[in-house]
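# Architecture and fold: a report
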Amino acid sequence: MDNRTDPIEIIARVSENQGMQRALEVWLYKTHQEGWPVTVESSSVDQPRNDCGVVAVEGLEYRIRHTKRVRRRVAIVPAGQHLIAAAVDSATGSPTASPGPGSSTTPRGPSR
């Protein structure tokens, strides 16, 4: 296992004014500095979209984009709670019952 930063984690921080060409150049520079062999498959810096281009790193394709930085809520799932149940809790704002250790996960029908 090597100590290189994974290409998906490499972020080229450039301003809106510097544009997509600069974003692609900075990402390529940082990726090369980490020791990854990069091949530019296509470049679309002159298009009105936010895609800068597609690159290949060791056989895997990555799409490079120039977008505004987005901050999202991050949640830590408590031990014993299923990931999907935690996502439902986050989306609905109400906690779902999580079975404890040794509990049955069989759904119950209506009580009589």
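See the structure printed just above.
The structure reproduced in this document is the subject of the present report. Computed from a prediction, not measured in an experiment: that's the story for all the values here.

### Description of the pattern of salt bridges
- Inspection of every chain in the model, using the stated rule, returns four salt bridges.
- Asp51 serves as the salt-bridge partner of Arg63, at 3.6 Å between the closest nitrogen and oxygen. Remark: Asp51 occurs in strand β2 (residues 51–57) and Arg63 occurs in strand β3 (residues 60–65); sequence separation between them is 12 residues.
- Relative accessible area serves as the criterion here: at 10%, Asp51 is assigned to the buried category.
- When the shortest N-O distance is used, the salt bridge between Arg65 and Asp51 registers 2.8 Å. With Arg65 in strand β3 and Asp51 in strand β2, the pair connects residues that are 14 residues apart, well separated along the chain.
- Several salt bridges share partner residues, and in doing so they unite Asp51, Arg63 and Arg65 into one network.

Parameters at a glance
- Residues numbered from 1 in each chain as written.
- Predicted model: local features only at pLDDT ≥ 70, side-chain atom pairs only at ≥ 80, totals over all residues.
- Heavy atoms only, no water.
- Salt bridge = Lys/Arg side-chain N within 4 Å of Asp/Glu carboxyl O.
- Helix = DSSP H or I, 4+ residues; strand = E, 2+ residues; numbered from the N terminus.
- Buried < 20%, exposed > 50% of the residue type's maximum accessible area, 1.4 Å probe, protein only.

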